[in-house]
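So you can see what is in the structure, the chains are spelled out below.
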Amino acid sequence: MERLCGPELPFWVANQTLHTERPDLPECFQLTVLSWLPCIYLWAAFPIYLLYLKRNNRGYIMMSIMNRFKTVFGLLLWIVCWTDLFYTFHELRQGHSQPPIYFITPLVLGMTMLLATFLIQFERLRGVQSSGVLFIFWFLSVLCAIVPFRSKILQASSQSEVSDKLRFSTFYLYFSLVVCELILCCFNEKPPLFSSVVTDPNPCPETTAGFLSTMTFWWFTSMAIKGYKVSLEAKDLWSLNQRDSSKVMVPKLLTEWDKEQAKAKSEPSLSTQAVYSKPLQSTTNHTAGGGGGGESSPEEVEVLLSNQKAAPHQPSLLRALVKAFGPYFLIGSAYKLLQDIITFVNPQLLRMLISFTKQRGVPDWWGYALAFLMFFTAILQTLILHHHFQYCFVTGMNVRTAVIGALYRKALVITNAAKRSSTVGEIVNLMSVDAQRFMDLTTFLNMLWSAPLQIMLALYFLWQNLGPSVLAGVAVMIMLIPFNAVIAMKTRSYQVEQMQHKDARIKLMNEILNGIKVLKLYAWENSFKEKVLAIRQKELNVLRKTAYLGALSTMAWTSAPFLVALTTFAVYVTVDENNVLDAEKAFVSLSLFNILRFPLNMLPQVISSMVQASVSLKRIQNFLCHDELDPESVDRKNTATEFSVTVVNGKFTWTKEDPPVLHNINVMVPQGSLLAVVGHVGCGKSSIISALLGEMEKLEGEVSIRGSIAYVPQQAWIQNATLRDNILFGKPYNEQKYRCVLEACALTPDLEVLPGGDMTEIGEKGINLSGGQRQRVSLARALYSDADVYLLDDPLSAVDAHVSKHIFDNLIGPEGVLKGKTRILVTHGISFLPQVDNIMVMVEGRVSEMGSYQELLKQNGAFAEFLRNYALEDIVEEDEAIEELIEDEALFPDDALSNHTDMVDNEPGINEAKRNFIRQISIISADGDNTRCRSVRRHGCSQRRHSEPQEKKKPREVEKLIQTESTETGRVKTKVYLEYAKAVGPLLSVLICFLYGCQSAAAIGANIWLSQWTNDASRNQTKENVDMRVGVYAALGIAQGVLLLVNCLLCRAYSMLRAAKLTHHNLLQGVLRAPQTFFESTPSGRLLNRFSRDMDAIDSHIPENIDIWMRTFWYTLNVLLICSALTPMFLIVIAPLTVFYWWVQRFYVATSRQLKRLESVSRSPIYSHFSETVTGSSVIRAYGRHSAFVLMSDMKVDENQKSYYPGIVSNR
């Protein structure tokens, strides 16, 4: 440095800097370190930042006034810096030689200012609204310039005249310009042209937030204010950031997963070749060596090959997740590393502060500087920690989005064999429970490496402080590990048992809710309630055992830092008489022991979460590895032939392992014809339809269908949407076409009965429609789709005879709306067979006969046999039906008018209509009296319409069957807390609060005793009182542990479980005693949510949260009381601080609480939609609505994340 600054300007002068009341840094230090530091930073960051800007082009920003000012100030700074440089050259020519530093520093600064100006413009061209790199640069420049700023003023005040006026002036001009640049850098540029921010009606402010706003989460303030003023609603939420949406996240994971699958497929073949080549080589060697051995080697080869095929390499979902989300997560890991390092700065600063208080005659500014540094590191640590959590939570959110999207897409294309092994409930569990476990794990995943790092650093600093005595504390920690491992293993087995009881309880509740009508009619509520409560009692018994273990574990981990401290201090003072426990050693060690507390507490939890997540990972991976349906199994592009549907030599099976279900199928259906498929039960009629849809495994043959397909399954699939939406199924609404469809499907009278007409909301699985109505809605959907080929799987079985006839005549038959379309009808209704073009008779999975009605009758084969059997059954059934109809006073059966209540009408005209209707029922009729049937039905409908009061019609249209799940608004009512306290028991609640206070008092007492112990060092009484000091300190610690154990047992194992039992009992009682209308308007999923997720919160989460809150409250209260007692002046600070924190808490909780509620409500539709989709996947595929449903699912997930994302930020 002497070469740069010369002998006159020393680099460091301790007396001038540290040991003085007016500290100042030497000029050489200012011109080198302080001037170069910002420049080194910018030049180091420039290459990486330039590469980043080239890869991320967000668009073009028009040059604004602010941008012009930034550029002008940057150029002025360059001029100012080089003015100093040219002035130095001028001085050199005048004969005043200056040290080299006066040339180098202005040159470096000038070039750096030119670089900064170039970046200002380049960022504008790449669409950067706020620059973090430049903000840090300007901030460092101002920070480093503050010292020379003060230094020059001090020099000027001590001298009568400024010696170097030009440099003095240029510096202050430089300082002013740098401050202006920093201020301008705090503001944002306009969004780039044509960016999504401009088009989005409610964009997230984060996308346009400045660097400073992003670092401090200031951009969230607007929502926090709104949430504080009024309760937030779904419409107040910002749009989800594009980068976090399903549109971006799901393809990201699927791309990596596809790569993994491709790699897994290629790996077995390579390894097979390797295995195959080795034995061949050994075979030749063996043969050369001696006879006979060569014959056995090929068998070995076969065994190796078969083994290789038996255990194919599975693609790794973990690797796909790491590749997709790892880079983003690593940014959070970098923040965590930084935070861990800063954590250990505070104990060192505390050591310096304690030693400062001991020293005499040191400058006061040392103390202020140390106090400020402690405050600054705490703020910096908090800021970094919250950014680490932000990255972790967002990664978790993105993983959940991607996994849900991947599962949904897979569920739409899995084979029937896969569906056999994965039920709808299991797949829903994968999406809800297993995807959530990934989300929970990412939050603390960094603790896997961070916890050991923190423990090692803490032990290193403790060793420096207390020497080998630390090994005693390490021994205690090592002893606690197997103890907690045993508890963790036992707890996990209890968790499995508890989940089994919970599954049994929820399964029973599901059955109760599905059959609630029967349950109420038989008055079986009490017996079923007892069954549920018996399972619940088993669940609570397991929970009680878990609580006992949890209490032991909590006591062990909470007491761990204290036990480590006790053993370390005890060994330290007893091992050597010269070891004195003074304040510096005790409290620095104590702060390090407190740092140990968090990693020691978190590590077992993280390992437990990892075990759970690994199970979930395996489950999801297995599901994603299931076989998919082959989209090419049915040729949809065949236009060469005049046949609409062709099957040649078809052999089909449901799964590859099972024997074929359909053999030697040869079918050719001409364009516009009606083919009926008949046969006995289980002969393969529905399988034919499934084979045509591509739902079965094609072993041999060819299948081709020309044009689009409409499919009506045997069990109608109805969505939870309006009646109209179920019929339209994504097609545009056409009034005339829609009315014709309703008429043809005999749905017009139903609209008169349904509360809101065709806008009536249909409950899940069509709960508020009868079986016949559901089937007719399914037929209407097919008709409205206007497809080329109609596959109808026994659609008339669920409707009554007269409705069946109407549908056949008006829709399916030769004179129906579908004439001219190709129709394949699976049916048992032999009355319609004379009117079809062709009949295919199935016998044991083969086509027995095929031809027209007359041809097959003449053949007197399988068809004639089928006809004789079914005709006999139908005659018996019809006779019984006629007798019942004559005896009954009801006008028509339920399905005739789709009315759920019996209608009694004794008008003569109506009775006459009834007799006419009965006369029309025939077993086999080629032609029915259609007009008469329809007129009778319409007459009945008009009678029904006139009998209704007119005024009832209007409100019916606005009625909604299933109400949207409501959310509470505002603060949680005091009544809720009191109800819970009442369930726990009022006296027990008071006792628990008191015990928490005692436990906290014992913890504070131990610290006070330790401070008294350290005072012995100053009085030279360390030797006499050692036993007493250690004994009392141990007693206080043990008292703390015992109180904690008693509290946990009382709280979790007794009182909280009592509250859980009582709450569940009241909930069950309330649900079982609710009227039938309640179950019609409330989805079963919502009720199950109360019994599963919400009860789980009462069982597990609420006791944990109460425990955390009570400990924090009492600890804070005790600290405040101690501080106030020791330092009364502290009360002056604490009063305004308390008010401020109380206001912040109210301000924050109002928004956070409402966001949690909105997130909870928006989560249910994801699983409901998923469950619904899996059930109707064959219908969705048949109509080609795959991508529309995927989009719908993605929208529901994004809607949920819209409330989850601000919820994450609100916690920061």
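The present account deals with the structure reproduced in this document. Within each chain, residue numbers correspond to sequence positions counted from 1 in written order. Under the rules for a predicted model, residues below a pLDDT of 70 receive no local features and side-chain atom pairs below 80 are neither given nor counted, while totals for whole chains, interfaces and linings still include all residues. Note that the side-chain values use all heavy atoms of the structure and ignore hydrogens as well as water.

Thoughts on the overall build of the protein chain
Right, on to step 1. Runs of E in the DSSP output that reach at least two residues are strands. Runs of H or I that reach at least four are helices, and both are numbered from the N terminus. Secondary structure assignment for the protein chain yields 42 helices and 9 strands.
Right, on to step 2. Burial statistics for the protein chain: of 1212 residues in total, 47% are counted as buried.
Right, on to step 3. Excluding contacts between residues fewer than 6 apart, the proportion of contacts in the protein chain whose partners are at least 24 apart in sequence is 81%.
Right, on to step 4. The Shrake-Rupley method, run with a 1.4 Å probe sphere, supplies the accessible areas, and residue values consider only the shown protein chains as cover. For the protein chain, the computed accessible surface area is about 60,300 Å², with 62% contributed by carbon and sulfur atoms. Working definition: with a 1.4 Å probe on protein chains only, accessible area under 20% of the residue-type maximum means buried, over 50% means exposed, and in between means partly exposed. The contact rule is simple, with two residues in contact once any of their heavy atoms fall within 4.5 Å.

Points about the environment of Asp658
Right, on to step 1. On the secondary structure map, Asp658 appears in the loop between β1 (643-653) and β2 (662-670).
Right, on to step 2. Residue classification places Asp658 among the partly exposed positions, given a relative accessible area of 29%.
Right, on to step 3. Asp658 sits 241 residues away from Ala417 along the chain, and the two C-alpha atoms are 9.5 Å apart.

Thoughts on the sheet that holds strand β7 (residues 822-826)
Right, on to step 1. Strands qualify as paired when DSSP identifies two bridges or more between them. One open sheet holds the 6 strands; their spatial order is β5-β6-β7-β3-β8-β9, and the pairing between them is mixed. Sheet topology places β5 (709-712) and β9 (846-851) at the edges, where each strand pairs with a single neighbour. Strand after strand, the sheet turns through a mean of 15° between neighbouring axes, direction not considered.
Right, on to step 2. As paired strands, strand β3 (residues 674-679) and strand β8 (residues 838-843) are joined by 5 bridges and run parallel to one another. Within β8, the residue paired with Ala676 across the bridge is Ile839.
Right, on to step 3. Axis definition: a line fitted to C-alpha atoms, over the contacting stretch in the case of helices. Angles run 0 to 180 degrees between N-to-C directions. Packed onto the sheet, helix α27 (residues 771-784) meets β5 and β6 (789-793) and runs at close to 175° relative to β5.

Quick word on the nonpolar core
Right, on to step 1. Here, the term nonpolar core denotes a set of buried Ala, Val, Leu, Ile, Met, Phe, Trp, Tyr and Cys residues that are joined through side-chain atoms within 4.5 Å. Among the nonpolar cores identified, the biggest contains 118 residues, and Ile727, Leu833, Ile839 and Phe863 are the most heavily contacted of them.
Right, on to step 2. When near neighbours in sequence (up to four residues on either side) are disregarded, Ile839 contacts Leu675, Ala676, Val678, Leu833, Glu849, Met850, Gly851, Tyr853, Leu856 and Phe863.
Right, on to step 3. Counting 39 residues, the second largest nonpolar core, distinct from the first, contains Ile455, Ala458, Leu566 and Val1030.

Side note on the sheet that holds β1
Two pairing modes exist for strands in a sheet, parallel and antiparallel, and in both the strands are linked by backbone hydrogen bonds.
Right, on to step 1. The 3 strands lie next to each other as β2-β1-β4, forming an open sheet whose pairing is antiparallel. Each edge of the open sheet carries a strand with a single partner, namely β2 and β4 (697-705). The mean angle between the axes of side-by-side strands here comes to 5°, regardless of whether they run parallel or antiparallel.
Right, on to step 2. As paired elements, β1 and β4 share 7 bridges and run antiparallel to each other. Along β4, the bridge assignment pairs Thr646 with Ser704.
Right, on to step 3. Helix-sheet contacts for helix α23 (residues 685-693) involve β1, β2 and β4, and the interaxial angle to β2 is about 70°.

Some words on the state of the cysteines
Simply put, disulfide is the name for a covalent bond between the sulfur atoms of two cysteines.
Right, on to step 1. By convention in this document, the label disulfide applies to cysteine sulfur atom pairs within 2.5 Å. Scanning all chains against the criterion turns up 0 disulfides.
Right, on to step 2. Here Cys81 stays free of any disulfide, with the sulfur of Cys39 as its closest cysteine sulfur at 8.1 Å.
Right, on to step 3. Classification of Cys81 as buried rests on a relative accessible area of 4%.
Right, on to step 4. Between Cys185, a cysteine without a disulfide, and Cys186, which holds the nearest cysteine sulfur, the sulfur-to-sulfur distance is 6.9 Å.
Right, on to step 5. Classification of Cys185 as buried rests on a relative accessible area of 6%.

Focus on the packing of helix α13 (residues 317-343) against helix α18 (residues 447-466)
Right, on to step 1. Two elements in contact, α13 and α18, have axes separated by 11 Å at closest approach and are oriented at 15°. Taken together, the axes of α13 and α18 lie roughly parallel to each other. Where α13 crosses over α18, the handedness of that crossing is right-handed. Taking contact as the criterion, the partners of Ser333, Lys336, Leu337 and Asp340 in α13 are, on α18, Met447, Trp449, Ser450, Leu453 and Gln454. If an angle is under 35 degrees, it is roughly parallel; if it is over 145, roughly antiparallel; if it lies from 65 to 115, roughly perpendicular; otherwise it is oblique. Note on convention: the crossing is left-handed when the near helix lies turned anticlockwise from the far helix by less than a right angle, right-handed when the turn is clockwise.

Quick look at empty space enclosed by the protein
Right, on to step 1. Throughout, the protein atoms alone are placed on a 1 Å grid, and a set of points is a cavity if a 1.4 Å probe fits but cannot get out or a pocket if it is open with protein on both sides within 12 Å along at least five of seven lines; lining residues have an atom within 4 Å of a point. Grid points are joined across faces, edges and corners, and a volume is the space filled by probe spheres set on the points. This structure, assessed with the given rule, holds 6 cavities of 30 Å³ or more.
Right, on to step 2. Roughly 120 Å³ of volume is contained in the largest cavity.
Right, on to step 3. For the largest cavity, the lining is made up of 14 residues, of which Lys70, Ile120, Glu123, Ser131 and Leu134 are closest to its centre.
Right, on to step 4. Listing elements by their share of the lining of the largest cavity, those giving two or more residues are α4 (65-94), α5 (101-125), α6 (132-158) and α7 (165-185).
Right, on to step 5. The biggest single contributor to the lining of the largest cavity is α5, with 3 residues.
Right, on to step 6. Throughout, the ten residues Ala, Val, Leu, Ile, Met, Phe, Trp, Tyr, Cys and Pro are labelled nonpolar, Asp, Glu, Lys and Arg are labelled charged, and all others, Gly among them, are labelled polar. Counted by class, the lining of the largest cavity contains 5 nonpolar, 4 polar and 5 charged residues.

As for the pairing of β6
Regular strands place side chains that alternate from one sheet face to the opposite one.
Right, on to step 1. Summarising burial for β6: 5 of the 5 residues are buried, a large majority.
Right, on to step 2. A two-sided burial pattern is seen for β6, the buried positions comprising Val789, Leu791 and Asp793 on one face and Tyr790 and Leu792 on the other.
Right, on to step 3. Pairing of β5 with β6 involves 4 bridges; the strand directions are parallel. Bridging from a neighbouring strand, Ala710 pairs with Tyr790 of β6.
Right, on to step 4. Here 5 bridges tie β6 to β7, and the two strands are oriented parallel to one another. Note that in β7 the partner of Leu791 across the bridge is Ile824.

Quick notes on the side chain of Asp244
Right, on to step 1. Checked against the element boundaries, Asp244 lands in the loop between α10 (221-229) and α11 (246-289).
Right, on to step 2. Assessed through its relative accessible area of 1%, Asp244 is described here as buried.
Right, on to step 3. Apart from residues no more than four positions distant in its own chain, Asp244 is found in contact with Met249, Val394, Met397, Asn398, Thr401 and Tyr1205.

What to know about the packing of aromatic side chains
Note on aromatic pairs: each is described by the distance of the centres and the angle between the planes.
Right, on to step 1. Planes of paired rings set the category: under 30 degrees apart is stacked, over 60 is edge-to-face and the rest tilted, where pairs are Phe, Tyr or Trp rings (Trp by its six-membered ring) whose centres lie within 6.5 Å. Considering all chains together, one arrives at 42 aromatic pairs under this definition.
Right, on to step 2. Arranged with centres 6.2 Å apart and planes meeting at 20°, the rings of Phe372 and Phe376 form a pair that is stacked. Placement of both Phe372 and Phe376 in helix α15 (residues 364-411) is noted, with a separation of 4 residues, approximately one turn of the helix.
Right, on to step 3. The class of Phe372 is exposed, set by a relative accessible area of 52%.
Right, on to step 4. Under the relative-accessibility criterion, Phe376 is labelled partly exposed at 41%.
Right, on to step 5. Between Tyr733 and Tyr738 the ring centres are 5.2 Å apart and the planes differ by 65°, which places this aromatic pair in the edge-to-face class.
Right, on to step 6. For Tyr733, a relative accessible area of 34% corresponds to the partly exposed category.
Right, on to step 7. Grouping aromatic residues by their ring pairs yields a cluster made of Phe149, Phe168, Phe171, Tyr172, Tyr174 and Phe175.
Right, on to step 8. The positively charged end of Arg724 is found above the aromatic ring belonging to Tyr733, 4.1 Å away from the centroid. Geometrically, a lysine NZ or arginine CZ counts as sitting over a ring once it is within 6 Å of the ring centre and also within 35 degrees of the ring normal.

Some details on the pattern of salt bridges
Right, on to step 1. Note on definitions: salt bridges are taken to be side-chain nitrogens of Lys or Arg within 4 Å of carboxyl oxygens of Asp or Glu. Scanning the entire structure with this criterion turns up 22 salt bridges.
Right, on to step 2. Among the salt bridges present, the one from Arg1181 reaches Glu695, with a minimum N-O distance of 2.6 Å. One end of the pair, Arg1181, is in helix α41 (residues 1177-1182); the other, Glu695, is in the loop between α23 and β4, and 486 residues separate them in sequence. Residue Arg1181 shares its accessibility class with Glu695, and that shared class is buried.
Right, on to step 3. Here Asp809 and Lys805 are joined by a salt bridge, their closest N and O atoms 3.5 Å apart. With Asp809 and Lys805 both in helix α28 (residues 801-812) and 4 residues apart, this pair spans about one turn of that helix. Judged on exposure class, the residue Asp809 and its partner Lys805 are both buried.
Right, on to step 4. Among the charged side chains, a network of salt bridges with common partners joins Glu260, Lys263, Arg319 and Lys323.

A look at α6
Right, on to step 1. Expected span, for any helix, means 1.5 Å times one less than how many residues it has. Counted at 1.5 Å a residue, the expected span for α6 with its 27 residues is 39 Å, and the 40 Å between its end C-alpha atoms agrees.
Right, on to step 2. When the local axis directions of α6 are compared, the greatest deviation, roughly 30°, occurs at Ala145, which is followed within four positions by the proline Pro148.
Right, on to step 3. Capping the start of α6 is the job of one residue whose side-chain oxygen sits 3.1 Å from the backbone nitrogen of Leu134: Ser131. The angle between axes fitted to the seven-residue stretch ending at a residue and the seven-residue stretch beginning at it gives the bend at that residue. We define a polar contact as two N or O atoms separated by no more than 3.5 Å, with the added condition that, inside protein, one atom must be a possible hydrogen donor and the other a possible acceptor, whereas residues neighbouring each other in sequence contribute only through side-chain atom pairs.

A short note on the pairing of β8
Right, on to step 1. As judged from the 5 bridges shared by β8 and β9, these two strands associate in the antiparallel manner. Directly across from Val843, in β9, lies its bridge partner Arg846.

What to know about a negative patch on the surface
Right, on to step 1. Within this analysis, patches are made of residues with over 30% relative accessible area and no salt bridge. Like charges are joined at 9 Å or less; nonpolar side chains (Val, Leu, Ile, Met, Phe, Trp, Tyr) at 5 Å or less. His is not counted here, nor are the chain ends, while Lys and Arg score as positive and Asp and Glu score as negative. The atom standing in for a charge is NZ when the residue is Lys, CZ when it is Arg, CG when it is Asp and CD when it is Glu. Residues Asp630, Glu632, Asp635 and Glu702 make up a contiguous surface patch of negative charge.
Right, on to step 2. Looking at where Glu632 falls in the secondary structure, it is placed in the loop between α22 (583-624) and β1.

A look at unusual backbone geometry
Right, on to step 1. One non-glycine residue, Ala523, adopts positive backbone phi at about 55°.
Right, on to step 2. Position of Ala523 relative to the elements: it lies in the loop between α20 (516-521) and α21 (525-575).
Right, on to step 3. Exposure remark for Ala523: the relative accessible area of 56% places this residue in the exposed category.
Right, on to step 4. The phi torsion at Asp786 lies on the positive side, around 55°, for a residue other than glycine.
Right, on to step 5. Positionally, Asp786 belongs in the loop between α27 and β6.
Right, on to step 6. Its relative accessible area of 44% is what places Asp786 among the partly exposed residues.

Don't take any of this as a statement about function, it's just geometry.
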